[in-house]
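# Survey of secondary and tertiary structure
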Amino acid sequence: MKIHEYQAKQLFADYGIRVPEGEVATSPAEAAEIAQRIGLPVMIKAQVHVGGRGKAGGVKYAADPVAAEKVAGNILGMDIKGLIVSKVLVTAAEEIVSEAYVAIVLDRTTKRPVIMVSSEGGVDIEDVAARTPEKIMKLPIDPTEGLRPYQARNLAQLLYHAPALVRQTAEIIMKMYRVFWELDASLTEINPLITNSRGEIVALDAKITVDDNSLYRQTKLAAMRDLEAEEASEITAREADLSYVKLDGTIGCIVNGAGLAMATMDLVKRHGGDPANFLDIGGSSNPQKVVAAMQIILSDPKVQAVLINIFGGITRCDDVANGLVAAFKQLRPSVPVVIRLVGTNEREAAAILAGMNLPCAETLDEAVQKAIELAGMPVTA
Amino acid sequence: MSIFIDKLTRVLVQGITGREGSFHARQMKAFGTAVVGGVTPGKGGTEIDGIPVFDSVDEAVAKTGANTSVIYVPPPFAADAIYEAVDAGIALVVCITEGIPANDMMKACQHVKAAGARLIGPNCPGLITPGASKVGIMPGAIVKPGNVGVVSRSGTLTYEAIWALTTAGLGQSSCVGIGGDPIIGTSFVDCLEAFEQDPETEAVVLIGEIGGADEEAAAAYISNFMTKPVVGFIAGQAAPPGKRMGHAGAIILGSSGTAADKVAALAAAGVPVANSPTELPALIKKALARASRAPEAGCSKSRCGGGGSAESAVGAFSPHTSEHRVVPEMVVCPGLSLYKKDVVK
């Protein structure tokens, strides 16, 4: 789960990492008030869960409260890669002397948290990695032992020479590691970490991604979820305990298992269609889940056909069939629904669905091609 | 022969009195697995379908001689269950549980490794050796004894592939689901190594998906060390970046972990990649036919000639890492996923 910059900065501040003074605003007038209170030139920063907001014009300087109101008015309501900006962070503009990059990520290969530092701050770190990989230092940390002060110091020494700056940076890295570990983050990042004209090291930006699997014990973070920043259908799906990602296509997909759901989407694309979504109804799918899944898919106006692909192992095909019967009764779908139910109890399922006269398919490719055809699109082999 | 489990496997079910645990204990037993006991603290002395239940893994191991455990314990307690199994001397721990925090798994994996045990999963369907044993939740009805090894990060997609093999008359030596989480105990490479050494396995199906760099590591291993043919499938071509596709580990971060990269890495290692799971049997048959024409196993490496040098595979595997320029106490980790674009100033 991603949280916003203003929330991440608050958490960093709670752990004693210096961040510029700032507050979040939802209206231009509020932005002006905050700018007035801060009393310095400010930056107005769009709070959206998407990269490249600076390039998209979502981060702007304002010299005074009047300018802040105007700038905030421009940014609020802005569409950044399909997300509408409803909040801006109004934060003191810092005088930047130098910029660095510090991040801690969960590294799958070493199975350890890895700290990355680079003197190339303030730019896209993946560009740095691609062009000048020698400018990024990486240190895997033993998860049992945690980060040792000398390790943080050595990393800090790669960024600065002045003892005061090294000391401050080492402290920030130690604190960032605590944030990473104690808040079950899969990423904590400061880009840029700057030195200002007063010789202070400040986190000018802040990013924290929280491990979804830890939200049950990170209740404070779970409460930071911004429902406005998410697709309404994705929220409904989460509440129904379905794994769902909305896409832009016309073929709605209901599948059991994440891998098979991805493979089904891939085949839709391969045969000339465009998947409307990823949807995994999970392992032991009860009939209610199928109804909820159908409801979510059918409420997407773009959907021209629904493809149901179930490989029954633990999931019983007759459970899914019963769910489909209920869903048809309740929802009366106006688009064609193609069904492939294979595996555990497939015969029982076929008997349940026999009277409904639905288009069925034996193989995965066949099912996908039929769905595309019924959606009125040309099928490619 | 087979990998990881066989007729000598003696299984303990941790969380046997739960809904999933009891259901699958019965399923495993029906398949022919030696399910020798179960563990649920506080339920010791009872029985599930004739399987004795114990209060601790320690006690269960002492009384049953179990060498393998399978975990169906809810996420908050699952990591502890892994420690308990390993500390009791269990050599193979299979963790089915989905939703364990990554921090817990980083520590647990380290503990498992230090103890010299093997962990499969978490968030996996387990493994199956047709005709001998199944540990986990894979449906027993779809497999058939044979000589194709199957290794996958997925559950139902694996069943789809196994079923395709079985209906095409291709049996399996062992099928292993390694799990869909970012931090897992056993990697593709571990399984490929085992299949390479298993005399009964003649070819391997590898089913990967978006996220991480395990497929790229597998490609590097295949091109350097595998003499047996491998065919692949990668799920998630149509997945958008930055979105978790069900599995916690199935996410494209920045430009790392894309399906296209994985397909390219496998192809460069000489691995034919199927467009659909239904194409896998034909690819396996072709690979087996070609392998049988090769005079010596070692010579089949020549199939990797052309673009398949180890270097190119390793290059694809860790594009952002350069090995020299290591500050003494620094370790440059291969395959480190860098996060990009969402980096905003």
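Residues numbered from 1 in each chain as written. Chains lettered and ligands numbered in written order. Predicted model: local features only at pLDDT ≥ 70, side-chain atom pairs only at ≥ 80, totals over all residues.

### Section: the pairing of strand β12 (residues 203-209) of chain B
Residues and elements named next belong to chain B.
- Counting buried residues along β12, seven of its seven residues qualify, which places the element largely inside the surrounding structure.
- Along β12, one buried face is formed by Ala203, Val205, Ile207 and Glu209 and the opposite face, lined by Val204, Leu206 and Gly208, is buried too.
- As judged from the five bridges shared by strand β10 (residues 145-152) and β12, these two strands associate in the parallel manner. Paired with Val151 across the bridge in β12 is Leu206.
- Sheet topology places β12 next to strand β13 (residues 230-235); six bridges connect them, and they run parallel. From the neighbouring strand, Gly208 faces β13, where its bridge partner is Ile234.
- Taken together, β12, helix α7 (residues 214-225) and β13 form a β-α-β motif whose crossover is right-handed. (Buried ≥ 20, exposed ≤ 12 C-beta atoms within 10 Å, placed from the backbone. Helix = DSSP H or I, 4+ residues; strand = E, 2+ residues; numbered from the N terminus. Pairing = 2+ DSSP bridges. Right-handed = clockwise from strand over helix to strand, strands pointing away.)

### Observations concerning the interface of chain B and chain A
- Between chain B and chain A, the residue contacts involve 68 residues of the former and 69 residues of the latter.
- Elements supplying a minimum of two residues to the side of chain B that touches chain A: α3 (75-87), α4 (102-114) and α5 (156-167) of chain B.
- Ranked by residues supplied to the side of chain B that touches chain A, first place goes to α4(B) with six residues.
- The residue makeup of the side of chain B that touches chain A, split by class, is 34 nonpolar, 22 polar and 12 charged. (Contact = placed C-beta atoms within 7 Å. Nonpolar A, V, L, I, M, F, W, Y, C, P; charged D, E, K, R; others polar.)

### Some remarks on the sheet that holds strand β6 (residues 88-92) of chain A
Residue and element names in this part refer to chain A.
- With antiparallel pairing, the four strands of this open sheet are ordered in space as β1-β6-β2-β3. The open sheet has two edge strands with one neighbour each: β1 (22-25) and β3 (59-62). Neighbour-to-neighbour, the strand axes of this sheet turn through a mean angle of 25 degrees, independent of strand direction.
- Here strand β2 (residues 42-46) pairs with β6 via five bridges, running antiparallel. If you follow Lys45 over to β6, its bridge partner there is Leu89.
- The strands touched by helix α2 (residues 28-38) within the sheet are β1, β2, β3 and β6, with β6 carrying the most contacts at an inclination of about 15 degrees. (Axes fitted to C-alpha atoms, helices over the stretch in contact; angles between N-to-C directions.)

### Overview of the domain arrangement of chain A
- Each domain of chain A was delimited in the assignment, giving domain 1 (21-92), domain 2 (96-222) and domain 3 (231-374).
- For domain 1 of chain A and domain 3 of chain A, the distance between their C-alpha centroids amounts to 42 Å. (Domains from an automatic or database assignment.)

### A word on the nonpolar core
- Judged by nonpolar contacts, the single largest core of 220 residues is most densely connected at Ile173(A), Leu279(A), Ile71(B), Ile82(B) and Val93(B).
- Looking at which element gives the most residues to this core, the answer is helix α6 (residues 163-182) of chain A, with nine residues.
- Once residues within four sequence positions are removed from consideration, Ile71(B) is found in contact with Gln14(B), Gly15(B), Ala78(B), Ala81(B), Ile82(B), Val93(B), Val94(B), Cys95(B), Ile96(B) and Thr97(B).
- Within the second largest apolar cluster, 23 residues are counted, among which are Ala32(A), Ile44(A), Leu89(A) and Val90(A). (Core = buried A, V, L, I, M, F, W, Y, C linked by C-beta atoms within 7 Å.)

### Focus: the environment of Ile296(A)
Residues and elements named next belong to chain A.
- Note on placement: Ile296 falls in helix α10 (residues 287-298).
- We classify Ile296 as buried; it has 22 C-beta atoms within 10 Å.
- Each C-alpha atom of the pair Ile296 and Leu279 lies 9.7 Å from the other, and the pair is 17 residues apart in sequence.
- When neighbours within four sequence positions are excluded, Ile296 is seen to be in contact with Ser233, Thr236, Ala237 and Tyr244.

### Here's the deal with the pairing of strand β8 (residues 112-118) of chain A
Residue and element names in this part refer to chain A.
- The buried fraction of β8 is high, at seven of seven residues.
- Examined bridge by bridge, strand β7 (residues 96-107) and β8 share seven bridges and lie antiparallel to one another. Residue pairing across strands places Val105 opposite Val114, the latter belonging to β8.
- The turn linking β7 back onto β8 is made up of four residues, and Lys111 within it adopts a positive phi angle of 55 degrees.
- Bridging between β8 and strand β9 (residues 136-140) involves five bridges; their strand directions are antiparallel. The residue bridging Met116 from the neighbouring strand is Lys138, located in β9.

### Describing unusual backbone geometry
- A cis amide bond links Asn191(A) to the next residue, Pro192(A), at an omega of 5 degrees.
- Checked against the element boundaries, Pro192(A) lands in strand β10 (residues 185-196).
- The omega torsion across Gly121(B) and Pro122(B) is 10 degrees, close enough to zero to call that bond cis.
- Assignment of secondary structure puts Pro122(B) in the loop between β7 (118-120) and β8 (126-129).
- One non-glycine residue with positive phi stands out, namely Lys81(A), at about 50 degrees.
- You can see Lys81(A) is positioned in the loop between β4 (79-80) and β5 (83-84).
- On the basis of neighbour count, Lys81(A) is assigned to the exposed category, with 12 C-beta atoms found within 10 Å.

### A closer look at the environment of Arg53(A)
Residue and element names in this part refer to chain A.
- By the secondary structure assignment, Arg53 is in the loop between β2 and β3.
- For Arg53, a count of 24 C-beta atoms within 10 Å gives the class buried.
- Arg53 sits 171 residues away from Met224 along the chain, and the two C-alpha atoms are 21 Å apart.

### Here's the deal with the sheet that holds β13(B)
- Across the sheet, six strands lie side by side as β9-β8-β11-β10-β12-β13 (chain B); this open sheet has mixed pairing. Every interior strand has two partners, whereas the edge strands, β9 (133-136) and β13 of chain B, have only one. Neighbour-to-neighbour, the strand axes of the sheet open up by a mean angle of 15 degrees, direction not taken into account.
- The pairing of β8(B) with β9(B) spans four bridges and is antiparallel. Bridge pairing links Ile128(B) to Lys134(B) in β9(B).
- Helix α9 (residues 258-270) of chain A contacts β12 and β13 of chain B of the sheet and is inclined by roughly 85 degrees relative to β13(B).
- Its contacts with the sheet place α5(B) against β10, β11 (172-177), β12 and β13 of chain B, and it is angled at close to 155 degrees to β10(B).

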